[in-house]
Amino acid sequence: MAIIIKTPEEIEKMRIAGRLAGEVLDYITPFVQPGVTTGELDRLCHDYMVNVQGCIPAPLNYAPPGHRPYPKSICASVNHQVCHGVPGDRKLKAGDIVNLDITTIKNGYHGDTSRMFYVGEPSIQARRLCEVSYECMWLGIQQVKPGARLGDVGHAIQTHAEKHGYSVVREFCGHGIGKKFHEEPQVLHYGKPGTGIELQAGMVFTIEPMINAGKRDVRQLGDGWTIVTKDHSLSAQWEHTVLVTETGYEVLTLSAGSPPPPF
Ligand code: MF3
Ligand code: CO
Ligand code: CO
């Protein structure tokens, strides 16, 4: 399957789905406090998407090959959890860092975005990891324009992460997105400049680097979904859905509460 170039009509729908996904993160922000469970955050986001936004939460029952159906409506990945953390009875406590990953479906199109949240006051190390990971995402985004290559995106991310002594997770990547949750291309968060596919106006994909404070290796928990760092080091991730425009990029998952770009 080739990369789908979105029409102006599709792009307009993806702007809406993308903004709605960002607005779920805005909505949930004040609830991310010590004592709340990830299951409660999932329920709040689910009800907001379904009852307020009229969206479908894409993760719920999502079952890619080799996976059991995902049982919840968001992903909540705490501390050394890298991604795909399944919400449950775990209570967040002061000092935790948590990634909340939201994917909405509106009028048949997907929007996919995630942010890191501090529960109370994070350690200096945890805060720095979250900040550098945010810079990594934006350095990747800023590479996006027609004629650039996906290796340019990956290289910008990898260089920045490794400069700070962090590592880039290899097993998961960004992805094309549209009518389907995960489309071509795969967007690696590491690589060499001038390699990989050439970007073209109308492509839409996510950039969602997972950056570990320790080694890059990960493993899956027995729930069949949650991914953790093998060495139990902290991990951080941010995600936006990005359109390639004639002159550069447009971030489709911005909302009123998005943190400003760092550069
Ligand atoms: N939102 C994740 C991504 O960025 C995918 C989650 S799949 C799920 O690609 F089933 F765990 F929700
Ligand atoms: Co994604
Ligand atoms: Co996501």
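One can find the structure itself at the top, above this paragraph.
Predicted model, so just to flag it, every value in this text is computed and none were measured.

Participant: What is the right way to look at the coordination of the cobalt ion (ligand 2) in this model?
Facilitator: For a metal with four donors in a tetrahedral arrangement, the ideal angle between donors is 109.5 degrees, while six donors in an octahedron ideally sit at 90 or 180 degrees. Within the protein, the cobalt ion (ligand 2) binds to D112 (OD), H175 (NE2), E208 (OE) and E239 (OE); these donor distances fall in the range 2.0 to 2.2 Å. Considering all 6 donor atoms around the cobalt ion (ligand 2), angles at the metal cover 51 to 161 degrees and the coordination shape is irregular. Between the cobalt ion (ligand 2) and the cobalt ion (ligand 3), a spacing of 3.3 Å is present, and a bridge between the two is formed by D112. A residue pair is termed long-range when its members are at least 10 positions apart, and E208 in the loop between β9 (204-207) and β10 (210-212) and E239 in the loop between β13 (235-237) and β14 (240-244) qualify at 31 residues. Classification of E239 as buried rests on a relative accessible area of 0%.

Participant: Can you walk me through the packing of aromatic side chains in this structure?
Facilitator: For any pair of aromatic rings, the description rests on two quantities: the centre-to-centre distance and the angle between the ring planes. In total, this model carries 5 aromatic pairs according to the counting rule given. Each ring, one from Y62 and one from F181, has its centre 4.7 Å from the other, and the planes form 45 degrees; the classification is tilted. Taken together, the residues Y62 in the loop between β1 (56-57) and β2 (75-78) and F181 in the loop between β7 (174-176) and β8 (183-187) connect sequence positions 119 residues apart. Classification of Y62 as partly exposed rests on a relative accessible area of 24%.

Participant: Sorry if this is basic, but what is going on with the sheet that holds strand β6 (residues 167-168) here?
Facilitator: The sheet built from 3 strands is open, its strands ordered β6-β10-β13 with antiparallel pairing. Each edge of the sheet is formed by a strand with only one pairing partner; in this case those strands are β6 and β13.

Participant: What exactly am I supposed to notice about the side chain of T226 here?
Facilitator: Considering the arrangement of structural elements, one finds T226 in the loop between β11 (218-220) and β12 (227-229). On the accessibility criterion, T226 (2% relative accessible area) is buried. A polar atom in the side chain of T226 sits 3.4 Å from the backbone nitrogen of V86.

Participant: Quick question: what am I supposed to make of unusual backbone geometry here?
Facilitator: A cis amide bond, omega 5 degrees, links E184 with the succeeding residue P185. Relative to the elements of secondary structure, P185 occurs in strand β8. Even without being a glycine, N79 presents a positive backbone phi close to 55 degrees. Secondary-structure assignment places N79 in the loop between β2 and β3 (81-83). Despite not being glycine, H84 shows a phi value in the positive range, around 60 degrees. Positionally, H84 belongs in the loop between β3 and β4 (97-106).

Participant: I would appreciate a short explanation of the site of ligand 1 in the present structure.
Facilitator: Around ligand 1, 14 residues are found, and the nearest of them are P59, H175, H182, E208 and E239. Within the contact set of ligand 1, an oxygen atom lies 3.1 Å away from a side-chain nitrogen or oxygen of D112. For ligand 1, an oxygen atom lies 3.0 Å from a polar atom in the side chain of H175. When isolated, ligand 1 has an accessible area of 330 Å², and the protein chains bury 97% of it. Here the residues of the shell around ligand 1 sort into 6 nonpolar, 4 polar and 4 charged.

What counts, and at which threshold
- Residues numbered from 1 in each chain as written.
- Chains lettered and ligands numbered in written order.
- Predicted model: local features only at pLDDT ≥ 70, side-chain atom pairs only at ≥ 80, totals over all residues.
- Heavy atoms only, no water.
- Donors = N, O, S within 2.8 Å, 3.2 Å for Na, K, Ca; no water.
- Tetrahedral: all angles 85-135°; square planar, octahedral: opposite > 155°, others 65-115°.
- Helix = DSSP H or I, 4+ residues; strand = E, 2+ residues; numbered from the N terminus.
- Buried < 20%, exposed > 50% of the residue type's maximum accessible area, 1.4 Å probe, protein only.
- Phe/Tyr/Trp six-rings, centres within 6.5 Å; stacked < 30°, edge-to-face > 60°.
- Pairing = 2+ DSSP bridges.
- Polar contact = N/O pair within 3.5 Å; in protein donor to acceptor, adjacent residues only side chain to side chain.
- Near = heavy atom within 4 Å.
- Areas by Shrake-Rupley, 256 points an atom, 1.4 Å probe, with all protein chains shown as cover.
- Nonpolar A, V, L, I, M, F, W, Y, C, P; charged D, E, K, R; others polar.

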